Amino acid sequence: MSKNYLIGFPRIGENRELKRALESYWANKTTYNDVLEVASSLKEKHWKEQNAAGICYIPSNDFSLYDNILDTSILLNVIPKRFEALENEELYFALARGTKEAQACEMTKWFNTNYHYIVPELSKDTKFKLNSKKVVDEFKEAKALGIKTKINLTGIITYLGLSKSVDNEDVYLNVNKVLDLYVELLKELDTLDDNLVIQFDEPIFVKDLDSKVLSLIKPIYDTLSKVSKNIKIVVSTYFEHSNEASKILLTTPIWALSLDFIYGLTNLEILEEFKASNKVLIAGVIDGRNVFKSDFNEKVKLLNTIKTYIKEENLLISTSCSLLHVPYTLDLEDKLNSEVKECLAFAREKLNEIRLLSIICFNKRLNQKDQEEIIKNKEISENRKKSSQINNKDIQKELDSLTLLERVGAYEERIKVQKAFFKYNDLATTTIGSFPQTPEVRASRLAYKRKEISKEEYENDMKQYIKDCIAFQEEVGLEILVHGEPERNDMVEYFGEQLDGFAFSQYAWVQSYGSRCVKPPLIYGDVSRPSAMTVSWSTYAQEQTQKIVKGMLTGPVTILNWSFVRDDIPRSEVSKQIALALSYEVDDLQKAGIKMIQVDEAAFKEGYPLRVKNIKEYESWALESFKLAVSKAQKDTQIHTHMCYSQFNDIITTIEEMDADVITIETSRSGNKLLQIFKEVGYKQEVGPGVYDIHSPRVPSVEEIVKQINLLKEVLPVTQLWINPDCGLKTRKWPEVKQSLKNLVQAVEIVRAQKSA
Ligand code: GLN
Ligand code: ZN
């Protein structure tokens, strides 16, 4: 038997079957039983595939109808009071999606991935109780197919650490209650079969934990390990190194520890101690969250280093984390350029990598086919270094010769020139860029993509939209206009499609939350810009009006953070390549007379590292990238940026250093509280704190916006404030947008009148 191990597998299905099943059930077109049937067939297919691929430890309970943390809340009966009347599937989906009466639980990002989990809500009233059904049933389901699974559970410290307490209590006060239930669960599982392996996912161990939290590890894992001799406990950590926790875990009777050697290479530092403990190491040597093929040569080197500490019988080969974060299979991708395609490996292909690598690592005999695959792997890895499709010498040279470019003129000087040039008012009104994406616009884009309509027809449709959009903004009385972004399906995809070095898959969906999936672009090669990407739309919009039209770009860091990024050069390098490409776009826009340009950095904060120690480095290249992107802007070109966040306290210095002339942000839900930090640090540049929340169809009243503006005025002077919604309007409907923006403009007029009164 080859010695390998799988942390977890995607569940949405090769053709997003789970998504479709859920959505048609939610739309009352099918029954819950139909969902369960689809779920069963997916589980069966996935288990069988893993089995056929030669995976030794195959997971169960990694499947979920919505989210594993939500499943754990059900397992432990952590149900907020407002859902008390509900049960079973109604309860389950209500927690995730809300009901008319009860607001859904909060959802947030799973560490630094684009997966989102449902935040458990703890309170004094939480009635912990074990509901083991799902865990038990899934094990039995696999067993009936002849597959004995390893059982995945959320670790106690991670579960509690990701929870929130509605009465502001320390979430870890609940440790013993949860531990009791887990002991009860293990006892129940113990009756199911001999020799069980149970994996506790503890990704929180890769964060900088305080000593109080660290002190919980030993008692918990001592207790869990002692429940039954028949049960082997695995603790799984990923996304970074977990050395502080690992040290402690090595002193407990757990059987194995799984560590990430891709994003947490520092884990190597624990191996000396690991060796002494004689525990099993599950070595995450294959990237579980990126889509590029492993270079077996590199992997063998890494494994050889590991093997100098860990003896073979104590070593299992695995991925760095669950494969949840990668798409299902490359098989369906028949439109990808073959040179790009051969560099990729999705979940199913990674199963094969695990198998092959474990054969190589343990010197098992390779059959002919495997040998051929290994030779091919070497060729591909070598070709990747040389290929002219991947490597663009000119771009590399240009970047090497760049010294960090600062914009011309200091902010104080620039803003004077800009105010004289644009002549906008205090409390200038604007929007974040996109306007409602109507069914007609979507249909036209799709038809063009499918070559059902000509380029000309398509462009006419877009122009019509832009024209109407400009007319609408003039009619409402907005001051700084935008073209409305009808040509963009997605703010990253739009740019990726026009840049060299990007590829787009047809089916490479990954789960973002619940039934929602995203299909990130693949950055496989050096990035460059063959031609202008936005200039014609922006200039067309500008031709329709005497008012100022703001150009609209997506920033380098956001493009990077929302893509799968090649792993053969540092991310910082890729980021700068994108920035360089964008700098030419900025220049082309200003030359074409578009002198107010917004560079969106919606995902700037998402890329922050999990360890405090690494933040400085990230901030430094992320900042450099943004600055490079806008470096060609003249003094009288005004650079805006937009960020979809409200928490700036910990990153305010970096925001300041970005040196955008205007930043629009998402603070509408917090009054003026979150704006205070801008005042505290003496932030000089202009700020447009969103005055209403665009994430709901609710139309804000004039009075409400007036109140909000007055709150903002308490913090910053009107000369520094812009008034705008808190994000783009593309998900909203026209009638809501019309009324909301009318109210916004009217509110500004009222506030201005107050001032002169
Ligand atoms: N300009 C983009 C829009 O308005 C910004 C969206 C975002 O930041 N998420 O849609
Ligand atoms: Zn936004």
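This structure is a prediction, so every number in the text was calculated from the model and none was measured.

### Focus on the overall build of the protein
- Scanning the protein for helices and strands turns up 27 helices and 24 strands.
- The C-alpha atoms of the protein give a radius of gyration of 27 Å, which matches the 27 Å a tight globule of 757 residues would have.
- Classification of the 757 residues of the protein by burial places 59% in the buried group.
- Partitioning the intrachain contacts of the protein with sequence separation of at least 6 by distance along the chain shows that 77% fall at a separation of at least 24.
- For the protein, the exposed surface amounts to about 31000 Å²; the carbon and sulfur share of it is 50%.

### Some details on the side chain of Arg732
- With respect to the helices and strands, Arg732 occurs in the loop between strand 24 (722–723) and helix 27 (734–756).
- At 2.8 Å, the side chain of Arg732 and the side chain of Glu736 are in polar contact.
- The residues touching Arg732, leaving out its near neighbours within four places in the chain, are Pro436, Ile694, His695, Ser696, Pro697 and Val737.

### Some words on the site of ligand 1
- Near ligand 1 you find Ile432, Gly433, Ser434, Glu485, Met491, Met552, Asp600, Ala602, His642, Cys644, Cys727 and Gly728, and these make up its full shell.
- In this structure, Ser434 approaches ligand 1 through a side-chain N or O atom, which is 2.7 Å from an oxygen atom.
- Out of a free accessible area of 300 Å², ligand 1 has 90% covered by protein chains.
- Of the residues belonging to the shell around ligand 1, the class tally is 6 nonpolar, 4 polar and 2 charged.

### Some words on the pairing of strand 21 (residues 638–643)
- When you tally the buried positions in strand 21, you get 6 out of 6 residues, the bulk of the element.
- Because side chains alternate across strand 21, one face comprises the buried residues Gln638, His640 and His642, and the other comprises Ile639, Thr641 and Met643, equally buried.
- In terms of strand pairing, strand 20 (residues 596–600) meets strand 21 through 5 bridges, oriented parallel. Across the sheet, residue Ile597 finds its bridge partner in strand 21, namely Ile639.
- In this fold, the crossover linking strand 20 to strand 21 by way of helix 23 (residues 615–629) has right-handed handedness.
- As paired elements, strand 21 and strand 22 (residues 662–665) share 4 bridges and run parallel to each other. Among the inter-strand pairings, Met643 is bridged to a residue of strand 22, identified as Ile665.
- Viewed along the sheet, the connection from strand 21 through helix 24 (residues 652–658) into strand 22 turns out right-handed.

How each quantity is defined
Residues numbered from 1 in each chain as written. Chains lettered and ligands numbered in written order. Predicted model: local features only at pLDDT ≥ 70, side-chain atom pairs only at ≥ 80, totals over all residues. Heavy atoms only, no water. Helix = DSSP H or I, 4+ residues; strand = E, 2+ residues; numbered from the N terminus. Rg over C-alpha atoms; globule rule 2.2 N^0.38 Å. Buried < 20%, exposed > 50% of the residue type's maximum accessible area, 1.4 Å probe, protein only. Contact = heavy atoms within 4.5 Å. Areas by Shrake-Rupley, 256 points an atom, 1.4 Å probe, with all protein chains shown as cover. Polar contact = N/O pair within 3.5 Å; in protein donor to acceptor, adjacent residues only side chain to side chain. Near = heavy atom within 4 Å. Nonpolar A, V, L, I, M, F, W, Y, C, P; charged D, E, K, R; others polar. Pairing = 2+ DSSP bridges. Right-handed = clockwise from strand over helix to strand, strands pointing away.

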